[in-house]
Amino acid sequence: MGTGMVIGVDAGATTTRCVVATVDGTVVGRGTAGGANRNSSGVEVSASIEAALTEALRRIDRATIAAGVLGAAGSSGAGREAFRAAAGRAWRSAGLTGELGTVTDLEVAFAAGTPEPDGVLLLAGTGALAARFAAGALEQRCDGYGWLLGDEGSAVWIAVRALRAVLAALDGRGEPTSLVDAAIAHFAAAGGTPEEKAGGTPGEKAVGTPAEKVVGMPGEKAGGTPGEKTGGVREEMAQALIAATFAMPPARLGGFAPAVSAAAEQDDAVAVRICATATGRLLHTFDHVGPPPGAVVVLAGSVLLTPGPVARQVRAGLLARTGAEPRTARDGAAGAAALAISRVTGAPVASVTHARLTR
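What comes next is a walk through the structure.

What counts, and at which threshold
Residues numbered from 1 in each chain as written. Predicted model: local features only at pLDDT ≥ 70, side-chain atom pairs only at ≥ 80, totals over all residues. Heavy atoms only, no water. Helix = DSSP H or I, 4+ residues; strand = E, 2+ residues; numbered from the N terminus. Buried < 20%, exposed > 50% of the residue type's maximum accessible area, 1.4 Å probe, protein only. Areas by Shrake-Rupley, 256 points an atom, 1.4 Å probe, with all protein chains shown as cover. Contact = heavy atoms within 4.5 Å. Pairing = 2+ DSSP bridges. Axes fitted to C-alpha atoms, helices over the stretch in contact; angles between N-to-C directions. Phe/Tyr/Trp six-rings, centres within 6.5 Å; stacked < 30°, edge-to-face > 60°.

**Quick notes on the overall build of the protein chain**
Then step 1. Counting secondary structure elements, the protein chain contains 17 helices and 10 strands.
Then step 2. Counting across all 359 residues of the protein chain, residues that qualify as buried make up 49%.
Then step 3. A total of about 15,700 Å² of accessible surface is found on the protein chain, and carbon and sulfur atoms cover 55% of it.

**Let's talk about the environment of Ala86**
Then step 1. The topology assignment puts Ala86 in helix α2 (residues 80–93).
Then step 2. Looking at Ala86, the relative accessible area reads 3%, which means it is buried.
Then step 3. As a C-alpha pair, Ala86 and Ile49 span 37 residues in sequence and 8.5 Å in three-dimensional space.
Then step 4. The residues contacting Ala86, other than those within four sequence positions of it, are Val45 and Ser46.

**Here's the deal with the environment of Ala66**
Then step 1. By the element assignment, Ala66 lies in strand β4 (residues 65–72).
Then step 2. According to the relative accessible area criterion, Ala66 is buried, its value standing at 9%.

**Considering the environment of Ser46**
Then step 1. Note that Ser46 resides in helix α1 (residues 45–56).
Then step 2. Taking the C-alpha atoms as reference points, Ser46 and Arg84, separated by 38 residues in sequence, lie 9.7 Å from one another.
Then step 3. With residues up to four places along the chain from it excluded, the contact list for Ser46 reads Ala86, Arg89 and Ala90.

**So, unusual backbone geometry**
Then step 1. Positive phi, normally seen in glycine, also occurs at Asp143, with a value near 65°.
Then step 2. Mapped onto the secondary structure, Asp143 falls in strand β8 (residues 137–143).
Then step 3. Within the chain, Asp151 stands out as a residue other than glycine whose phi angle is a positive 55°.
Then step 4. On the secondary structure map, Asp151 appears in the loop between β8 and α4 (155–171).
Then step 5. On the accessibility criterion, Asp151 (7% relative accessible area) is buried.

**Some details on the sheet that holds strand β2 (residues 15–22)**
Then step 1. Strand order in this open sheet of five strands is β3-β2-β1-β4-β5, and the pairing throughout is mixed. Where the open sheet ends on each side, the last strands, each with one partner, are β3 (27–34) and β5 (99–104). Taken pair by pair, the neighbouring strands of this sheet meet at an average axis angle of 15°, ignoring direction.
Then step 2. Relative to β3, β2 is paired through seven bridges, and the arrangement is antiparallel. Counted as the bridge partner of Ala21 is Val27 from β3.
Then step 3. α1 rests against β1 (5–11), β2, β3 and β4 of the sheet, and its axis sits at about 150° to β3.
Then step 4. Of the strands in this sheet, β1, β4 and β5 touch helix α3 (residues 105–113), which is tilted by about 95° from β5.

**So, the packing of aromatic side chains**
Then step 1. Inspection of every chain in the model, using the stated rule, returns two aromatic pairs.
Then step 2. Here the aromatic rings of Phe187 and Phe256 are separated by 5.5 Å at their centres, their planes lie at 50°, and the arrangement is tilted. In this pair, Phe187 sits in helix α5 (residues 179–189) while Phe256 sits in the loop between α11 (250–253) and α12 (257–265), placing the two residues 69 residues apart along the sequence.
Then step 3. Its relative accessible area of 2% is what places Phe187 among the buried residues.

See below:
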């Protein structure tokens, strides 16, 4: 077996990424596949990992792989042994015999953002949590309890709050919001038109766009109650949105979060409040891991790495707390590869090697 290559895998809820690199940090192969979170992706974990490995290794001699580190969301606690078993199956199925290590997505995300052994990770993507590291080991974590019980401020959390507001606007409990139009457009594109999901056929569609039929044309909204002119259609659209969202894995709901961010940037009051609340929840989670003064802070996940109100407000809050700009972890697979290099060399990854891996 050779000693020149390592593999890093970041198996997320919506995407699995793989990096193959030399021990000096030169990336020689990449692969991607679908999500691999047993709690929210609705897929066989080992299949996604094997697909990403196979793509990354298509031009590489597998005998040169000395070690690999595979990290995944949902792989701590009760999910640890299940993930280890799935990772092992994928590793062997891909024809690999090198040393295999498994960690959580926290370790790979923190390692992707810094070679330092101490600091705090704040993650908000499909899920959300904060974690404090000391000497390279996880000391404390807050949240990360999954879409049903936690992940406050995550993309799925934002999307669910927005969908609740949309349904409230449709049945009259909530205030009007542009998120109604956005939800109809997004979930229609995600799989079938709202009219078809509501039970009609394309030939039975009424005149006008779905959004017009749900919120009513200006004249309808100015005169008459929703029940008099648009109540039936509003109910059909509400039921169609329910059908569309319950038909997809929870992790995919997070795909609606960018539309919420966009609406907030256009001063939609409902979206502004949702984004502000998400910011507050994330900073509250950060505060409760007890970050030491001057700690390195690494940001990870689409909510915090994509320009928008939550990312902007969280950065401002962290700067006020720490006095330093946070670092970013944009490639968890590279972070996993850095951990694999450290295992092969028996030493911390040098800054130059880390920069080469993650640039």
